[in-house]
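Commentary on secondary and tertiary structure
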Amino acid sequence: MAITYDESKKIFTLTTNNSEYQMKVDDIGLLLHTYYGKPVYGTDMSYQIVPVDRGFSGNLYEYRMDRGRSIDTLPQEFSGCGMGDYRISSVAVKAKNGSRTCDFRYKSHSIKEGKPSIPGLPSVRPCDDEVSTLVITLEDRLTGLEAELFYSVFMDKDIITRHTRFVNASDNGMILEKAASMMLDLQYGEWDEIHFAGRHCMERSVQRNRLSQDIRVISSKRGMSSHHQNPFVILCDHTATEESGSCFGMMLMYSGNHKTEIEQDQAGAVRIVSGINDENFSWNLKSGESFDTPEVIMAYSAIGLSALSHLYHRIIRENVCDRKYLDMKRPVLINNWEATYFDFNSDKIIDIAKTASELGVEMMVLDDGWFGKRDDDNSGLGDWLVNERKLPGGLRRITDEVTKMGMKFGLWFEPEMVNEDSGLFRTHPEWALRDPGRNPNLSRNQMVLDMSNSEVVDYLFDCMKKVLDSADISYIKWDFNRSVCNVYSNALEPSRQGEVAHRFMLGTYSLLDRLTKAYPDLMIEGCAGGGGRFDAGMMYFCPQIWCSDDTDAIERLEIQEGTSFGYPVSTMGSHVSAVPNHQTGRTTPLSTRGVVAMSGTFGYELDITKLTDEEKSTIKEQIKTFNRLYPLIQKGTYYRLSQGDQSEIYKAWEFVAPDGSEALINIVLKKSQANARIKNVHLKGLCADAMYRLEGTEQVLSGAALMYGGYAINLSSGDYSSAQLHFIKTT
Ligand code: DGJ
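Taken together, 13 residues are adjacent to the ligand, and Asp367, Asp368, Lys477, Asp479 and Asp549 come closest. Separating an oxygen atom of the ligand from a backbone N or O atom of Gly530 is a distance of 3.0 Å. For the ligand, whose unbound accessible area comes to 290 Å², protein coverage reaches 98%. Of all the cavities here, the one that holds the ligand is the largest pocket. Classifying every residue of the shell around the ligand gives four nonpolar, three polar and six charged.

Of the voids in this model, the largest pocket is the one considered here, and its volume is about 440 Å³. His200, Arg444, Asn481, Gly529 and Asp549 are, among the 27 residues lining the largest pocket, the residues nearest its centre. Residue composition of the lining of the largest pocket, by class: nine nonpolar, eight polar and 10 charged. Considered as a void within the structure, the second largest pocket measures approximately 290 Å³ in volume. Every residue lining the second largest pocket is counted, 20 residues in all, and those nearest its centre are His310, His313, Arg314, Gly636 and Thr637. Of all the secondary-structure elements, those providing two or more residues to the lining of the second largest pocket are helix H1 (305-320), helix H11 (613-635) and strand S31 (637-640).

Cis geometry marks the peptide bond from Val579 to Pro580; its omega dihedral reads -10°. The residue Pro580 is located in the loop between strand S29 (572-577) and helix H10 (590-598) in this model. Even without being glycine, Arg204 reaches a positive phi, approximately 55°. On the secondary structure map, Arg204 appears in strand S12 (residues 202-210). Here the phi dihedral of Asn486 falls at roughly 50°; this positive angle occurs in a residue that is not glycine. Looking at the element boundaries, Asn486 is found in the loop between strand S26 (475-478) and helix H7 (500-518).

What follows is about the side chain of Asn257. Within the secondary structure, Asn257 sits in the loop between strand S15 (247-252) and strand S16 (258-264). Looking at Asn257, its side chain comes within polar contact range of the main-chain nitrogen of Arg222, at 3.3 Å. A distance of 2.6 Å separates a polar side-chain atom of Asn257 from the backbone nitrogen of Gly223.

Right, let's talk about the domain arrangement of the protein for a bit. Interface size is commonly expressed as the accessible area that is lost once the parts come together. Under the domain assignment used here, the protein contains domain 1 (3-189 + 280-288 + 296-320), domain 2 (324-635) and domain 3 (639-729). At the junction of the two partners, domain 2 supplies 23 residues and domain 3 supplies 22 residues. Both faces combined, the contact of domain 2 with domain 3 buries some 1,800 Å², and carbon together with sulfur accounts for 63% of it. There are four salt bridges connecting domain 2 and domain 3. Here Lys651 and Glu558 are joined by a salt bridge, their closest N and O atoms 3.6 Å apart. Here domain 2 and domain 3 share eight residue pairs in polar contact (both at pLDDT 80 or more) between them. Among the elements that make up the side of domain 2 that touches domain 3, the one with the highest residue count is H11 (six residues). The residue inventory of the side of domain 2 that touches domain 3, partitioned by class, reads 11 nonpolar, seven polar and five charged.

Reading the values: rules and limits
Residues numbered from 1 in each chain as written. Predicted model: local features only at pLDDT ≥ 70, side-chain atom pairs only at ≥ 80, totals over all residues. Heavy atoms only, no water. Near = heavy atom within 4 Å. Polar contact = N/O pair within 3.5 Å; in protein donor to acceptor, adjacent residues only side chain to side chain. Areas by Shrake-Rupley, 256 points an atom, 1.4 Å probe, with all protein chains shown as cover. 1 Å grid on protein atoms, 1.4 Å probe; cavity = no way out; pocket = protein on both sides within 12 Å on 5 of 7 lines; lining within 4 Å. Sits in = over half its atoms within 2 Å of the grid points. Nonpolar A, V, L, I, M, F, W, Y, C, P; charged D, E, K, R; others polar. Points joined across faces, edges and corners; volume = space filled by probe spheres on them. Helix = DSSP H or I, 4+ residues; strand = E, 2+ residues; numbered from the N terminus. Domains from an automatic or database assignment. Contact = heavy atoms within 4.5 Å. Buried area = accessible area lost by both parts, 1.4 Å probe. Salt bridge = Lys/Arg side-chain N within 4 Å of Asp/Glu carboxyl O.

Structure representation (structure tokens):
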């Protein structure tokens, strides 16, 4: 059984194939967290709680004669607030009488097969997995606030999902001011935290820091999960490597304001609290109402970071993204953005599509600028009507041509935004988020629509439906090009303005939900100025997300590697673009741009009509190579191979078939050196006793030799050179 409750010891145990999670209700009803790690086969781990009377750590009234037991030091499952636990709280609540304390005690629990969905929010799908769910209800007897803690256990996938439902079981209203999804207390260990930080055009760089007695906050208040701090955090042994050490992952399945706090306390214990960012958040909870938090996907690996990444890659591919995309070949696409920006017409788009189709490209994506008065990025957002001046004959003329070429057609939208200079804003200025009487902050000269207002969501659905019904459109690129501020909704009363940021996300998710249901064959690619909403919440609707607006192959090495810690390559939109690169000015070989872009959902983003014949034939070959290697790249197990002394010089990564039958090594030289050292790459995941042939050669080597001896690669000639080595099992 994945979930058990031992009535005599009051112990809850959640078991996956390679991990165990344990909680215990103590004699006064506190729910203590006693263990998360490698399986301990049901041992009552509460023996590890050693009573210590620490100064200035007070005692609950029932513990007053037992001063070794303080809620300031006990490992708790989900803390209340204001009762003497001075570490980070998982809740903040204001009762009707103004009181701000909450003392959660165990009330009841239930264990059920399956996994319920979360109203209004994306959550991990149970699919046909063996999943069971534990719900523990905690209550604050004085105020009547209840916290229902949901745990769903994916036994074979080593995943536990969590979320919290706050219920007002009293007769009075109350206000939630913090509502965490999860809390995790770990009493012992020397830990590093890893998070994925960055900026527009450099998302998800790996940040690894040793914990000390303080509080680390990884958060966004930009109304989006953000380029700056991804809602995915790892806690690992200070000595953990790709292949060793305990690692815990916490991935919030949410695309809005988020916050993960990590505190190392006076005793060296660590507490992690994760959920919606409580800054500017409040939620009116009337009698009988409930509030559901977003879900957190938790994973544990006892054998290092690679294995932790593999757990996330699997759950995202199989249970977060719609299952129908699991085996579906994604089209190789060409996008006109870096080819034309706003300067295009139908003939230009058809020319690009024609040349691309001759080279094997499968889909033409028309980016920003096809609608309204949109010849630059100062106007037009909100007016989702084809600009017939630019595109005479409408979209239909283009899609007819494109489909005749045997290609699919995709179209760009930025539904949640509006320009001041647009018909929509002139008609409905009250639909933009903005404080009454104050000029709004403009970014890219645009404002943010009030997605918390269902009229806005209905309007957008109708507009998009009209466009989608007007031509043969298989794909949408859904963009979001600014951070959100001036978060004030004209549709909500003053006392509810603290709800707007979360209601905004609920509105966006509902629009995505309606569209994916109304157009089941439509694929939506997420995008937010590149990877500003690269999160599991968006992945629920968008099986691929444009990874970054930085298309430079060398910068992409860092971005895609950082992204790989939590997210599979099947979610990473990645394109070959022109040189000199538009973001960095760097010139890299076309072959290297191909190698890097192939480790994602592959495509091109350049004026293909202007390339030389030689470049065109290279592209033709690249597409053939990608199509041949596609199953291995998309479904293979991904390994980062760049750790160690030469990581500044080379970046290498591998895809290996789950049965070890083939492996693809990718290596890129980041920095040319005179008289350079040779890079010896140790392959992973092969069958040690099998023989492998290097494709295109007669060289045959054992899996053991390739893994333990390695394969020496000399890439020292020329800037940014690269190689792809494909090993195929022969015996
Ligand atoms: C930002 C996206 O990331 C780009 O690819 C492009 O679609 C532009 N927006 C269009 O405005």
